[in-house]
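Here are the chains, one letter per residue:
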Amino acid sequence: MLRMYLWLYVLFLYAPIVIIAMFSFHSSPSLVFPFEGWSLRWYEQIFASQTFRDSLWNSIIVATGAAVATTLLGATVALALIRIKGRAREIIATICAAPIALPGLFLGIALVSGFAQIGMNRSLVTVTIAHVLYALPFFVATLRSRIDYFDTSLEEAARDLGATTWQSFHLITLPILRPSIVGAAILVFALSFDELIITVFVSGNESTLPMMIWSMMRRTVDPTINAASMVAFGLSLIVITIAGAIFWLQRRASISSRTSDLEDEANEQVDSTVEQRKQSVRPVQSFE
Amino acid sequence: MSLSVNQRQRLLSGALAAPTMSFMLVFFILPSLLLLLYSFWSARSFVIDPTFNVDNYLRTLSAAGFWRTGVTGLSNGIWTAIASVVLSFPAAYYIVYRSVNNNAFYLILLSWFSSYLVRVYAWRTILGTNGLINTTLIQFGLISEPLEFILFSPLASVITLVHIMFPFALLLLVSALRDVKTDYLEAARDMGASRFQVLTKVIIPMSYKGIVSAFMFTFILAAGDYITPQLLGGRDGVTNGLLIANQFRSAGNWPLGAAMAFITLALFVGVYVFFTQLMKVCRLSPGRRYHD
């Protein structure tokens with residue numbers, strides 16, 4: 001019964017998205033059933049719009065910038081958190097996590113006051129800064145388990161064996177953190193690409209994709225909104241799929257390298273025994 | 001002059017933390033303090049007058065409009081948080097203790113990345129006068145006239161916010177439940193606890209932190225969201241979030257908006273205290289165990 005509940009839960013999450021996806025390919029402008037047929041006209045219409053193409057491009061730039069900046073800041077602070085102990089560590093970790101506990105509205109108005117005070121004009125730069133602030137806690141949280149269980153003796157061992165600080169970082173620390181960093185960076189891209197609540201306050205004349213869709217939604221009920229939303233979702237999906245693929249490939253590579261090491265060692269002696277055992281097992285399996 | 005290895009390590013970690021800490025100082029801590037300062041200043045025709053006073057707080061606290069919209073915002077947040085946690089808990093339970101693979105979990109997390117606005121728009125399509133719900137109900141002959149009250153009501157906001165928060169709540173609950181190992185559940189069962197007792201005396205107290213953070217995160221995100229209520233809530237659905245946002249966008253009285261924001265934050269803290277106390281009264285929090 002719980003199993004059925006879980007699938008109902010998934011259905012509830014996906015049904016609205018599927019409905020919007022369907023209507024984005026609807027041949028008539030009506031947004032009600034019955035469904036009248038398929039067409040790509042809304043996609044053609046939305047891609048013909050200069051505003052849409054500009055907003056999409058702005059969003060990609062901002063999300064890329066936010067992902068790069070957050071990765072640099074987040075990864076360096078993660079390296080610091082590995083080394084620092086005690087009270088200072090608590091303080092740093094708390095500051096890095098704090099924005100997550102505040103509503104986006106609060107971050108937005110705080111930032112807009114701050115930018116006004118230091119005389120920074122609202123532009124894509126301020127939007128990127130806002131997104132870094134919003135995404136950094138998520139980045140650090142994603143790396144948290146790796147940071148908490150990081151064994152600093154590995155670095156010490158490397159240095160005892162004569163590695164420089166850079167070498168121990170490059171050969172020991174980075175390979176351990178890398179998969180999480182890549183995953184977290186892509187998460188930041190997706191978060192930034194979809195952010196609207198803070199962006200509303202800090203954006204200037206150039207709008208991002210969510211800003212553009214939002215202003216369309218406030219004005220009218222327009223079937224091109226379906227297509228625009230689907231483009232946004234599609235892009236997030238592509239980025240996430242790439243992240244998943246990278247993660248999966250890396251894990252497979254590390255597992256297969258580990259097992260092949262073991263195999264090399266064991267191969268010479270065990271080879272024949274394994275072969276014999278396999279043959280003796282096979283008839284039993286076929287018997288079943 | 002040479003530094004010891006220890007000193008060099010400390011210098012290095014300080015240097016590594018410095019960029020992020022300066023970023024947080026300039027773009028998070030100082031702006032928040034500035035906002036606090038603003039809330040004690042006043043604004044006349046777009047010029048901010050830096051003389052200390054508490055007029056903004058008094059004005060906000062005595063405004064009926066602020067309380068009405070504030071209650072809407074809080075009730076949006078509370079209902080969304082309750083629904084998200086209660087409805088996600090069984091799903092998280094199944095994923096952690098029963099399911100053989102993580103496919104459903106990944107599928108749920110993937111939906112998190114469907115854009116926020118897509119979901120808002122989808123629910124507008126579904127709940128509207130000619131939307132899916134109304135047309136289906138009419139087709140089955142359950143109603144003759146489309147139900148007008150669903151869309152543009154606080155209910156529509158809550159349904160949409162729950163839909164948005166589900167993956168987030170589920171993620172937090174799953175990672176909390178993963179820490180409650182099956183051994184404990186089996187031990188409790190062996191000692192004669194019923195299924196219900198295992199839930200209330202083992203699982204919930206042991207995953208207490210995760211449950212509270214799931215509740216609070218969904219609450220904060222939902223209660224502070226001003227875009228969903230604006231697009232779906234209708235006239236009754238206006239929240240104080242929208243009021244604050246408007247002060248910083250069109251109306252332009254930043255000090256008043258800042259005071260409203262800090263009062264709202266204080267209300268959020270109140271909800272946190274209330275919720276944790278409620279869990280304690282219901283004997284669902286960890287700490288001293290009661291044995292009836």
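None of the values given here were measured: they were computed from a predicted structure.

### Things to note about the overall build of chain B
Reasoning step 1: A tally of regular secondary structure across chain B gives 13 helices and two strands.
Reasoning step 2: Along the three orthogonal principal directions, the C-alpha set of chain B runs to about 85 × 70 × 40 Å.
Reasoning step 3: Relative to its full complement of 292 residues, chain B shows a buried share of 44%.
Reasoning step 4: By sequence separation, contacts in chain B at least 24 residues apart represent 74% of the contacts at least 6 residues apart.

### Describing the overall build of chain A
Reasoning step 1: Looking only at helices and strands, one finds eleven helices and zero strands in chain A.
Reasoning step 2: Helices and strands in chain A line up, N terminus first, as α-α-α-α-α-α-α-α-α-α-α.
Reasoning step 3: Expressed as a percentage of the 288 residues in chain A, the buried residues total 37%.
Reasoning step 4: In chain A, of all internal contacts separated by at least 6 residues, the share reaching a separation of at least 24 is 77%.

### Comments concerning the interface of chain B and chain A
Reasoning step 1: Taken together, the contact between chain B and chain A spans 59 residues of the former and 57 residues of the latter.
Reasoning step 2: With 17 residues, helix α1 (residues 5-38) of chain B is the largest single contributor of residues to the side of chain B that touches chain A.
Reasoning step 3: Of the residues contributing to the side of chain B that touches chain A, the split by class is 42 nonpolar, 14 polar and three charged.

### What to know about the nonpolar core
Reasoning step 1: Ranked by size, the top nonpolar core spans 153 residues in total, and within it A:Val77, A:Ile109, A:Leu111, A:Val188, B:Ala92 and B:Leu173 carry the most contacts.
Reasoning step 2: Beyond its immediate stretch of four places on either side in the chain, A:Leu111 contacts A:Ala130, A:Ile198, A:Phe201, A:Val202, B:Phe27 and B:Pro31.

### Observations regarding helix α5 (residues 116-127) of chain B
Residues and elements named next belong to chain B.
Reasoning step 1: Under the 1.5 Å per step criterion, the end-to-end length of α5 is 17 Å for twelve residues, consistent within 8% with the ideal 16 Å.
Reasoning step 2: When you tally the buried positions in α5, you get twelve out of twelve residues, the bulk of the element.
Reasoning step 3: Taken together, the buried positions of α5 are Tyr-116, Leu-117, Val-118, Arg-119, Val-120, Tyr-121, Ala-122, Trp-123, Arg-124, Thr-125, Ile-126 and Leu-127.

### Examining the packing of helix α5 (residues 104-117) of chain A against helix α6 (residues 124-148) of chain A
Residue and element names in this part refer to chain A.
Reasoning step 1: Running from N to C, α5 and α6 point in directions that differ by 135 degrees, and their axes come no closer than 11 Å. Considering their axes alone, α5 and α6 lie oblique with respect to each other. As α5 packs across α6, the resulting crossing turns out to be right-handed. Contacts between α5 and α6 pair Gly-104, Leu-107, Leu-111 and Phe-115 from the former with Thr-126, Ala-130, Leu-133 and Tyr-134 from the latter.
Reasoning step 2: Here the residues of the contact of α5 with α6 are counted per class, giving six nonpolar, two polar and no charged.

### Regarding the packing of helix α3 (residues 64-98) of chain B against helix α7 (residues 154-178) of chain B
Residues and elements named next belong to chain B.
Reasoning step 1: One can describe the packing of α3 onto α7 by two numbers: an axis separation of 6 Å at closest approach and a directional angle of 40 degrees. In terms of axis orientation, α3 runs oblique to α7. Our pair here, α3 against α7, has a crossing hand that is right-handed.
Reasoning step 2: In the contact of α3 with α7, the residues fall into 20 nonpolar, seven polar and one charged.

### Considering the confidence of the model for chain A
Residue and element names in this part refer to chain A.
Reasoning step 1: Looking at chain A as a whole, the pLDDT averages 82, with 86% of positions reaching at least 70.
Reasoning step 2: Across chain A, the secondary-structure element scoring lowest on mean pLDDT is helix α11 (residues 224-287), at 65, and the one scoring highest is α5, at 93.
Reasoning step 3: Taken together, the stretch residues 268-288 has pLDDT below 50 and engages in zero contacts with residues farther than four places along the chain or on a different chain.

### A look at the confidence of the model for chain B
Reasoning step 1: Mean pLDDT over chain B stands at 86; residues scoring 70 or higher make up 94%.
Reasoning step 2: In the model of chain B, strand β2 (residues 47-49) of chain B stands out as the element of lowest mean pLDDT, 75, in contrast to α3(B), which has the highest, 93.

### Remarks on helix α10 (residues 209-219) of chain A
Reasoning step 1: Counting buried positions over the eleven residues of α10(A) gives eight, a clear majority of the element.
Reasoning step 2: Along α10(A), the residues that are buried comprise A:Leu209, A:Pro210, A:Met211, A:Met212, A:Ile213, A:Trp214, A:Met216 and A:Met217.

### Details of unusual backbone geometry
Reasoning step 1: Look at B:Arg283: it is not a glycine, yet its phi comes out positive at around 60 degrees.
Reasoning step 2: Take B:Arg283: it is sitting in the segment after α13 (254-281).

### Some details on the environment of A:Thr199
Residues and elements named next belong to chain A.
Reasoning step 1: Along the chain, Thr-199 falls in helix α9 (residues 199-202).
Reasoning step 2: The exposure class assigned to Thr-199 is buried, which follows from the 24 C-beta atoms found within 10 Å.
Reasoning step 3: When the C-alpha atoms of Thr-199 and Val-239 are compared, they prove to be 21 Å apart, with 40 residues separating the residues in sequence.
Reasoning step 4: Once residues within four sequence positions are removed from consideration, Thr-199 is found in contact with Val-127, Ala-130, Thr-208, Pro-210 and Met-211.

The rules we used
- Residues numbered from 1 in each chain as written.
- Chains lettered and ligands numbered in written order.
- Predicted model: local features only at pLDDT ≥ 70, side-chain atom pairs only at ≥ 80, totals over all residues.
- Helix = DSSP H or I, 4+ residues; strand = E, 2+ residues; numbered from the N terminus.
- Buried ≥ 20, exposed ≤ 12 C-beta atoms within 10 Å, placed from the backbone.
- Contact = placed C-beta atoms within 7 Å.
- Nonpolar A, V, L, I, M, F, W, Y, C, P; charged D, E, K, R; others polar.
- Core = buried A, V, L, I, M, F, W, Y, C linked by C-beta atoms within 7 Å.
- Expected span 1.5 Å × (residues − 1).
- Axes fitted to C-alpha atoms, helices over the stretch in contact; angles between N-to-C directions.
- Parallel < 35°, antiparallel > 145°, perpendicular 65-115°, else oblique.
- Left-handed = near helix turned anticlockwise from the far one by under 90°.
- pLDDT = per-residue confidence, 0-100.

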